[in-house]
Amino acid sequence: MFSLPNNVTIIEVGPRDGLQNEKNQVSTETKLEFIHSLQDAGIQEMEITSFVSPKWVPQMADSSQIVQLSSKKGRQIVLTPNEKGIERALEVGADSLAVFVGVSNTFNLKNINKSTEQSMQDLKPVITKLKEQGIFIRACISTAFYCPYEGKINEADTIALCKEFASWGVDELSVADTIGMANPVESYQLFSKLAELLPNVLMTAHFHDTRKMGLANIFAALQAGITRFDTSAGGLGGCPFAPGATGNVATEDVVNMLHTMNIETGIDLNQLCKAVSIIDPHVSRPIDTGMYRLFAINHS
Ligand code: HMG
Ligand code: MG
């Protein structure tokens, strides 16, 4: 029989991964309403914004206001690409930072204008110092399975990067299928190895749903012992520097799958769909996830 946990933690990435690629300019007020309604649904950990260059990602230009004006409920994580981003985030009181590096060197250059090796050299002293200050560090490993430029990624390279971050004392690794190409066998294989090799770090799986394999990949990762998943309300998202990538696997569909298998998440599905209905009129892409569609039919 399947090996399933009793509880799973959802890390909501909609306000960051979900909106960074959005064509419409979403107002700060709407973003805050979205964040607060997600908190009301029971989300305890959330990526709320990113301190990246507004020239590269205009949707995230209001990151300081988002941190200053959002309710401090649970863990609020902000993405930071470099020291300047870290400084800006700390200045407004952020205490949980996500750094991100691609296993693929080409992707890393396109995403943050640095080689993977340079990123790791630069991050090591910075993370050591941040850990001394008690900052929560989440390290996002992009292109852990496939790269839009380099193709299939060598599993050993992904594992080596994860091990290096873990050796610096990061709190969490979020291992990402950036362009949604991994299949459940690949998900099971990588996450089984990571869970066994790095038992002392919070291990999170981040699946984009480009080929609609997100739920199957999550089910496979559950079998590998993973109990933490990044998901995006409404299935929004995608990296502007990863061509062909669509949104993350939808929070409401993941929560529904888990609850029907008697796995607790602490999230109220109806309230979660209300949160999706707040952002729905403001995004250019139609939201058509399974559970949101049902919610919309029941509320029409
Ligand atoms: P750059 O152009 O190489 O930066 O960009 P630079 O160091 O040469 O500086 C150029 C100018 O940018 C300077 O200003 C800096 O001060 C400024 P100027 O002197 O010209 O007026 N600058 C900044 N401004 C604000 N915030 C900063 C910052 N840094 C420099 N942090 C940079 C390098 C990293 C900034 C740029 O490439 C960038 O912002 N990249 C972010 C890309 C991004 O947001 N990608 C999406 C997030 S990652 C993702 O989605 C993947 C994930 O979901 C997991 C997965 O699915 O794989 C996490
Ligand atoms: Mg992502």
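Quick caveat, the model's predicted, so the values are computed rather than measured.

(A) Representation of the overall build of the protein chain. Of the regular secondary structure elements, the protein chain holds 12 helices and 10 strands. Whereas a compact globule of 300 residues would reach a radius of gyration of roughly 19 Å, the protein chain reaches 18 Å, a difference of no more than 12%. Counting only C-alpha atoms and orienting by the principal axes, one finds that the protein chain spans roughly 55 × 50 × 35 Å. Within the protein chain, contacts between residues separated by at least 24 positions form 74% of all contacts whose residues are at least 6 apart in sequence. As presented, the protein chain carries roughly 12400 Å² of accessible surface, and 50% of it is formed by carbon and sulfur atoms. Counting 24 positive and 33 negative side-chain charges, the protein chain places the averaged centre of each group 3 Å from the other.

(B) Quick peek at the site of ligand 1. In the vicinity of ligand 1, 27 residues are found, and the nearest of them are Gln20, Arg88, Asn113, Ser142 and Thr178. Val52 places a main-chain nitrogen or oxygen 3.4 Å from a nitrogen atom of ligand 1. For ligand 1, whose free accessible area comes to 1100 Å², the fraction covered by protein is 73%. Its atoms largely coinciding with the cavity grid, ligand 1 occupies the largest pocket. If you list the elements that add at least two residues to the shell around ligand 1, you get helix 1 (14-20), helix 4 (83-91) and helix 5 (105-112). Here the residues of the shell around ligand 1 are counted per class, giving 12 nonpolar, 10 polar and five charged.

What counts and how
- Residues numbered from 1 in each chain as written.
- Chains lettered and ligands numbered in written order.
- Predicted model: local features only at pLDDT ≥ 70, side-chain atom pairs only at ≥ 80, totals over all residues.
- Heavy atoms only, no water.
- Helix = DSSP H or I, 4+ residues; strand = E, 2+ residues; numbered from the N terminus.
- Rg over C-alpha atoms; globule rule 2.2 N^0.38 Å.
- Contact = heavy atoms within 4.5 Å.
- Areas by Shrake-Rupley, 256 points an atom, 1.4 Å probe, with all protein chains shown as cover.
- Lys, Arg positive; Asp, Glu negative; His and termini not counted.
- Charge placed at Lys NZ, Arg CZ, Asp CG, Glu CD.
- Near = heavy atom within 4 Å.
- Polar contact = N/O pair within 3.5 Å; in protein donor to acceptor, adjacent residues only side chain to side chain.
- 1 Å grid on protein atoms, 1.4 Å probe; cavity = no way out; pocket = protein on both sides within 12 Å on 5 of 7 lines; lining within 4 Å.
- Sits in = over half its atoms within 2 Å of the grid points.
- Nonpolar A, V, L, I, M, F, W, Y, C, P; charged D, E, K, R; others polar.

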